[in-house]
Amino acid sequence: MDKTKRKKRKAFVEQDICVSCGSCVKVCPLGAIQIVKGIMAEVDMNKCVGCGKCAKECPASIITIQEVEEEYNEKKLV
């Protein structure tokens, strides 16, 4: 199998200015965001699909959706 790179969208939180209001947690359809230590939101990159609902809901506008490259194994059919 060959490793191939592909782009995916993911949510990123500016954790140093997050006020941990929980708005993003409530709207995430996949449960990819949680409030950690009661002080900041954290995104589980394995669950996040980059839908953008959290970014739209964030009252502080500190969540951005960005494209990231991920490697995955490509199956070759013979």
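Everything numeric here is computed off the predicted structure, so don't read it as measured data.

Colleague: Where do I start with the overall build of the protein in this structure?
Modeller: Looking only at helices and strands, one finds two helices and four strands in the protein. Classification of the 78 residues of the protein by burial places 26% in the buried group. Counting contacts in the protein only where the partners sit at least 6 residues apart, residues at least 24 apart contribute 67% of the total. Of the roughly 5700 Å² of accessible surface on the protein, 48% is carried by carbon and sulfur atoms.

Colleague: Would you take a moment to explain the state of the cysteines for this structure?
Modeller: By definition, a disulfide links the sulfur atoms of two cysteine residues through a covalent bond. Here the structure, examined in full by the defined rule, presents zero disulfides. Unpaired in this structure, Cys51 has its nearest cysteine sulfur neighbour in Cys28, at a distance of 6.1 Å.

Colleague: What's the story with the pairing of strand β3 (residues 40–43) in this structure? I'm lost.
Modeller: Residues in a regular strand project their side chains so that they alternate between the two faces of the sheet. The alternating pattern of β3 places Ala41 and Val43 on a buried face, while none of Met40 and Glu42, on the opposite face, is buried. Pairing of strand β2 (residues 33–36) with β3, which is carried by four bridges, proceeds in the antiparallel orientation. Looking across to β3, one finds that Gln34 is bridged to Glu42. Hairpin remark: β2 followed by β3, antiparallel, with three residues in the connecting loop; positive phi at Lys37, about 55°.

Colleague: Any chance you could explain the environment of Ile65 here in plain terms?
Modeller: Looking at where Ile65 falls in the secondary structure, it is placed in strand β4 (residues 63–74). Along the backbone, Ile65 and Phe12 are 53 residues apart, and their C-alpha atoms lie at a distance of 6.3 Å. What Ile65 contacts, discounting residues up to four positions off in sequence, is Arg9, Lys10, Ala11, Gly50, Gly52, Cys54 and Ala55.

Colleague: Got a minute to help me understand the nonpolar core in this structure?
Modeller: General note: in soluble globular proteins, nonpolar side chains tend to be found buried as a group. Core analysis: the largest hydrophobic core is formed by 14 residues, its most contacted members being Val13 and Ile63. The residues contacting Val13, other than those within four sequence positions of it, are Cys18, Ala41, Val43, Ile62 and Ile63.

Colleague: Looking at this structure, how should I read unusual backbone geometry?
Modeller: A negative phi holds for most residues other than glycine; trans holds for most peptide bonds. In this structure, Ser20 is a non-glycine residue whose phi angle is positive, near 50°. With respect to the secondary-structure elements, Ser20 resides in the loop between β1 (2–13) and α1 (23–27). If you check the backbone angles, Lys37 has positive phi at about 55° while not being a glycine. Its place among the elements puts Lys37 in the loop between β2 and β3.

About the thresholds
- Residues numbered from 1 in each chain as written.
- Predicted model: local features only at pLDDT ≥ 70, side-chain atom pairs only at ≥ 80, totals over all residues.
- Heavy atoms only, no water.
- Helix = DSSP H or I, 4+ residues; strand = E, 2+ residues; numbered from the N terminus.
- Buried < 20%, exposed > 50% of the residue type's maximum accessible area, 1.4 Å probe, protein only.
- Contact = heavy atoms within 4.5 Å.
- Areas by Shrake-Rupley, 256 points an atom, 1.4 Å probe, with all protein chains shown as cover.
- Disulfide = S-S within 2.5 Å.
- Pairing = 2+ DSSP bridges.
- Core = buried A, V, L, I, M, F, W, Y, C linked by side-chain atoms within 4.5 Å.

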